[in-house]
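Next come the chains, spelled out residue by residue.
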Amino acid sequence: MSKEQEERFLKLVFDNVGNRSFCAHLRHAENPNTALYAMEIFAGCGIGIEYEKYWLPYATVGASIVRQKLTKDGDLSLGEALRLSFDNDSGNAAAIARLKRIVGCEDSVELCKVLRSVLKLIESRNLGQFINYAGLLKQINTFDFNKDFVKLQIVSSFYKKDKEDKNDVKQ
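Residues numbered from 1 in each chain as written. Predicted model: local features only at pLDDT ≥ 70, side-chain atom pairs only at ≥ 80, totals over all residues. Heavy atoms only, no water.

## Some remarks on the confidence of the model for the protein
Phase 1 of the analysis: Across the protein, pLDDT averages 89, with 91% of residues at or above 70.
Phase 2 of the analysis: Summarising per-element confidence for the protein, the mean pLDDT is lowest in helix α9 (residues 147–170) (75) and highest in helix α8 (residues 133–142) (96).
Phase 3 of the analysis: Below a pLDDT of 50 lies the segment residues 165–171, which in the model reaches zero contacts outside its immediate sequence neighbourhood of four places, other chains included. (pLDDT = per-residue confidence, 0-100. Helix = DSSP H or I, 4+ residues; strand = E, 2+ residues; numbered from the N terminus. Contact = heavy atoms within 4.5 Å.)

Structural data, given as structure tokens:
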């Protein structure tokens, strides 16, 4: 997927979070059984609707944005948000289990299905900070081509705080 499609889609979503019909269609898109409601939105942004792997990343990210009613993008990476959801403890067994589940994904469709529950968990924790959805969408869209690099990005951002804390101790 092109960067222009990603930017166009995210702008459309952030601009329409107040539109109840638009938001309902995007929330339905996250579930493949009711995704038909949002195909017009995806097609309007130039997103392929022929195969699930083309539109599911947009549905996953878009549904998360409209559930939170965000009007602008955040700055947390997925790994950071996951860690912060568990009291900033990267040693938390539940957080590590979810991280392992994300890292165990083999393609972008599986990743999106796993992210549905992870993003809902992160949203429910109400961190006061929000995920960088542009970065997340880019990671999902490149997952099939550069899976190992995306996995390393997520894992390193999850453990980033521990590394910074250890560097502070050494100085």
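## Digging into the packing of helix α4 (residues 52–68) against helix α7 (residues 108–124)
Phase 1 of the analysis: Direction vectors running N to C along α4 and α7 enclose 5 degrees, while the axes themselves pass 9 Å from each other. Judged by the inter-axis angle, α4 sits roughly parallel to α7. Taken together, the residues of α7 that come into contact with α4 (itself represented by Glu-52, Lys-53, Leu-56, Pro-57, Thr-60, Ser-64, Arg-67 and Gln-68) are Ser-108, Val-109, Cys-112, Lys-113, Leu-115, Leu-119, Lys-120 and Glu-123.
Phase 2 of the analysis: Its residues placed into classes, the contact of α4 with α7 shows six nonpolar, four polar and six charged. (Axes fitted to C-alpha atoms, helices over the stretch in contact; angles between N-to-C directions. Parallel < 35°, antiparallel > 145°, perpendicular 65-115°, else oblique. Nonpolar A, V, L, I, M, F, W, Y, C, P; charged D, E, K, R; others polar.)

## Regarding the nonpolar core
Phase 1 of the analysis: Among the nonpolar cores identified, the biggest contains 51 residues, and Phe-9, Phe-42, Ile-65, Leu-78, Leu-82, Ile-102 and Leu-136 are the most heavily contacted of them.
Phase 2 of the analysis: Among the elements that take part in this core, α7 stands out by supplying nine residues, more than any other.
Phase 3 of the analysis: Residues within four places of Phe-42 in sequence aside, it is in contact with Phe-9, Leu-26, Ala-29, Ile-47, Ile-49, Trp-55, Tyr-58 and Ala-59. (Core = buried A, V, L, I, M, F, W, Y, C linked by side-chain atoms within 4.5 Å. Buried < 20%, exposed > 50% of the residue type's maximum accessible area, 1.4 Å probe, protein only.)

## Some words on helix α5 (residues 78–85)
Phase 1 of the analysis: Summarising burial for α5: seven of the eight residues are buried, a large majority.
Phase 2 of the analysis: Listed in full, the buried residues belonging to α5 are Leu-78, Gly-79, Glu-80, Ala-81, Leu-82, Arg-83 and Ser-85.
Phase 3 of the analysis: Just beyond α5, the residue with positive phi is Asp-87, at close to 55 degrees.

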